[in-house]
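Geometric and topological summary
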Amino acid sequence: AEGPSAVDAVERFFERIGDLDDPSIFVSLAALQRAVDQARSIDERDPAGSPLRGSVFAVKDNIDVAGLPTTAGCPAFAYDPAEAAPVVAQLVAAGAVPVAKTNLDQFATGLVGTRSPHGTPRNPHDAGHVPGGSSSGSAVAVARGLVDFALGTDTAGSGRVPAAFCGVVGLKPTVGRLSGRGVVPAVRSVDCVSILAPDLASAGAVLDAASGFDPDDPYARRAMSVPPLAPSSVRVGIAGTPVLKELGADDATIDGYGRFVEALAAIVGMVHEVDVQPFLDAGELLYEGPLLAERFAAVGDFIVANAEAVDPTVAAIITGGRRYDSVETHRAAYLLAALRRRVELAYDEIDVLVLPTVPHGARIAEVVADPRGVNERLGRFTTFANLVDLCAVSLPAGVRSDDGLPFGVTLYAPAWHEPTLLTLGASMTGEVPPDLPGPEPEVVLAVAGAHLRGQPLEHQLTDLGARFLTTSTTAPTYRLHALADATPAKPALLHDADGAASEVDHWGLDAAALGRFVGLV
């Protein structure tokens, strides 16, 4: 058959790992003959129906793969799944072959990659630095070119943090976009399968193949079709330097972030500082409040019965969820609802939030000395995403100025806006944007008087799908005059050299909507 061969890809993988010098990347390997047979059946299919043919992938070992045990990083917990998780089955249907299960922070509890009985996967850029977790093996396998992509999971940053430390792309889809069946839960209501890939085009292709509503997953959601915004019209929110410093960002992080934002400002519609406190407050609830009880609901009984088989730090975190009662849990849910609304309102002013993926690096020795403290600090810019219903992608953004290790930034957008993140990210990394339908060119219109936000005629813009951008003023050479016999009351804005600055709102709308709006005026 024409096109890349699945059998060739499988054979290359097993050749690559023949002399692999890091035994901590993979927990188990597919049987060679089984993988070749699976690949051969793919090669015999019509290549038009196999967009991922010629790819091999690895799977975090808390996701079921047929023929391999699922351990969640705890051998005493291991079980043999009856079938593959739907997300894995869909990727096989698209022509990719699963060849290995990857190491992880035990029970997907950690952002460092050091909480595993199988050892710590070696960061390919510096063996003394953590690889990041909990999807440590998946990130390292991609960074070393052993597989074409890998699956991880991401509840608090477990797909984004290792992506940043290993210099790869970490895509955290909208919660519910990919099936969560066949995944050992961490915090089941906000877990999601994540994608580790060498570039955005690969991540986007995997996302397309893996997406789909699973009626047997109670947390699955029917996807909304949201076309990407053109980069030139994207409104970007950023955090100010004082805020970053207060949150523990070191000088190399602030320098890398500043360089990225400066480059971003040259291609997007607008960049301005936003209040990130509601995001951060939501993130703290995941480990510092009653929501921790959901981790105990997932695997707590096993840990209590098998304490000697569990990493002490992991056990302490998860069993800590037992101390909360239902009243505290409801109060936390009310607080989270209020914070989600504040985040929702923040996105009235922006389309994408950009933050460093992590505030600083982390040496293995530092984690050994302070395992919980370092881990908590690494998650300050990631833990909120699923709780406030955002999708995200961590991008490689050069190297740190102090040690030359990879530096990563994360783009955050509301649920279902992955196309905008992929398109904007591709414009920053220099990739050809993914093959996604683009919107019509947007016209920016300034309005005054009765069309300002909150005024009687604002609806003429919103009814046409116009998008509020920002508020500013005219030059100080205009004067407002009241029009006679106008209902509702309307002003006229006229040039006057002795006038004053008048408030105007900027709206984005397509050409057809502009024509209809002018007709209304």
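Since the structure is predicted, the reported quantities are computational estimates derived from the model, not experimental observations.

Observations concerning empty space enclosed by the protein
Enumeration according to the criterion identifies three cavities of 30 Å³ or more in this entry. Considering only enclosed or pocket space, the largest cavity measures out at about 90 Å³ in volume. Taken together, 13 residues make up the lining of the largest cavity; nearest its centre are Phe165, Val358, Arg400, Pro406 and Phe407. Residue assignment for the lining of the largest cavity shows that the elements contributing at least two residues are helix H5 (160-166) and strand E11 (406-414).

Let's talk about the layout of surface pockets
What the second largest pocket holds in volume is close to 420 Å³. In this structure, the second largest pocket is lined by 20 residues; those nearest its centre are Gly283, Glu284, Tyr287, Glu288 and Glu376. Within the residue set of the lining of the second largest pocket, elements represented by two or more residues are helix H9 (277-288), helix H11 (312-319) and helix H14 (371-378). When residues in the lining of the second largest pocket are grouped by element, the largest group, six residues, is from H9. In the lining of the second largest pocket, the residues fall into seven nonpolar, six polar and seven charged.

Comments concerning the nonpolar core
Counting residues in each nonpolar core, the largest one holds 86 residues, and the members touching the most others are Val88, Leu151 and Phe384. Apart from residues no more than four positions distant in its own chain, Val88 is found in contact with Phe57, Val59, Ile63, Asp64, Val65, Pro98 and Leu151. The next biggest cluster of nonpolar side chains, apart from the first, holds 30 residues, and it includes Ile25, Ala39, Val97 and Val168.

Considering the side chain of Ser394
Looking at the secondary structure, you find Ser394 in strand E10 (residues 390-399). The class of Ser394 is buried, set by a relative accessible area of 0%. Within the local environment of Ser394, its side chain forms a polar contact with the side chain of Thr357, the two groups lying 2.9 Å apart. Ser394 has contacts with Arg160, Ala163, Ala164, Val168, Val169, Gly170, Thr357, Val409 and Thr410, leaving out every residue within four places of it along the chain.

Digging into the pattern of salt bridges
The tally for this structure, following the rule as stated, stands at 22 salt bridges. The partner of Lys101 in a salt bridge is Asp61, with the nearest N and O atoms 2.7 Å apart. Here Asp61 lies in the loop between strand E2 (56-60) and helix H3 (86-93) and Lys101 lies in strand E3 (residues 97-102), a separation of 40 residues in the sequence. Here Lys101 and Asp61 have matching classes, each one buried. Among the ionic contacts, a cluster of salt bridges with common partners joins Asp250, Arg400, Asp402 and Asp403.

A short note on unusual backbone geometry
Of note, the bond from Gly133 into Ser134 is cis; its omega dihedral lies within 30 degrees of zero at 5°. Despite not being glycine, Ala72 shows a phi value in the positive range, around 55°. In this structure, Ala72 sits in the loop between E2 and H3. At Asp389, a residue that is not glycine, the phi angle is positive and equals roughly 65°. Within the element layout of this structure, Asp389 appears in the loop between H14 and E10.

Quick word on the packing of aromatic side chains
Enumeration over the complete set of coordinates arrives at 11 aromatic pairs. Plain terms: the ring middles of Phe13 and Phe14 are 5.2 Å apart, the flat faces sit at 80° to each other, and that makes the pair edge-to-face. The exposure class assigned to Phe13 is buried, which follows from its relative accessible area of 0%. The exposure class assigned to Phe14 is buried, which follows from its relative accessible area of 18%. Through successive ring pairs, a cluster of aromatic residues spans Phe77, Tyr79, Phe107 and Phe302. The ring of Phe213 is capped by Arg222, whose NZ or CZ atom sits 4.0 Å from the centre of that ring. For Arg453, the ring lying beneath its charged end belongs to Phe468, and the centroid distance is 3.7 Å.

Some remarks on the sheet that holds strand E8 (residues 270-273)
Here 11 strands make up an open sheet; going across it, the order is E1-E3-E2-E4-E6-E5-E10-E11-E9-E7-E8 and the pairing mixed. In the strand order of this sheet, the two ends are held by strand E1 (26-29) and E8, each with one partner. On average, each strand axis in the sheet is tilted by 25° relative to the strand beside it, whichever way the strands run.

A short note on H9
A rise of 1.5 Å per residue sets the reference length of H9, with its 12 residues, at 16 Å; its end C-alpha atoms lie 16 Å apart and thus fit the reference within 8%. Every buried residue of H9 is accounted for by Pro278, Phe279, Leu280, Ala282, Gly283, Leu285, Leu286 and Tyr287. Its buried side turned inward, H9 meets helix H10 (293-305), H11, helix H12 (326-346), strand E9 (352-356) and E10.

Overview of the packing of H10 against H11
For the pair H10 and H11, interaxial distance at closest approach is 9 Å and the crossing angle is 125°. Considered as vectors, H10 and H11 are oriented oblique to each other. H10 and H11 meet at a crossing whose hand is left-handed. Contact residues: H10 offers Arg295, Phe296, Val299, Gly300, Ile303 and Val304, while H11 offers Ala315, Ile318 and Thr319. Grouping the constituent residues of the contact of H10 with H11 by class yields six nonpolar, two polar and one charged.

Cut-offs used in this document
Residues numbered from 1 in each chain as written. Predicted model: local features only at pLDDT ≥ 70, side-chain atom pairs only at ≥ 80, totals over all residues. Heavy atoms only, no water. 1 Å grid on protein atoms, 1.4 Å probe; cavity = no way out; pocket = protein on both sides within 12 Å on 5 of 7 lines; lining within 4 Å. Points joined across faces, edges and corners; volume = space filled by probe spheres on them. Helix = DSSP H or I, 4+ residues; strand = E, 2+ residues; numbered from the N terminus. Nonpolar A, V, L, I, M, F, W, Y, C, P; charged D, E, K, R; others polar. Core = buried A, V, L, I, M, F, W, Y, C linked by side-chain atoms within 4.5 Å. Buried < 20%, exposed > 50% of the residue type's maximum accessible area, 1.4 Å probe, protein only. Contact = heavy atoms within 4.5 Å. Polar contact = N/O pair within 3.5 Å; in protein donor to acceptor, adjacent residues only side chain to side chain. Salt bridge = Lys/Arg side-chain N within 4 Å of Asp/Glu carboxyl O. Phe/Tyr/Trp six-rings, centres within 6.5 Å; stacked < 30°, edge-to-face > 60°. Lys NZ or Arg CZ within 6 Å of the ring centre and 35° of its normal. Pairing = 2+ DSSP bridges. Axes fitted to C-alpha atoms, helices over the stretch in contact; angles between N-to-C directions. Expected span 1.5 Å × (residues − 1). Parallel < 35°, antiparallel > 145°, perpendicular 65-115°, else oblique. Left-handed = near helix turned anticlockwise from the far one by under 90°.

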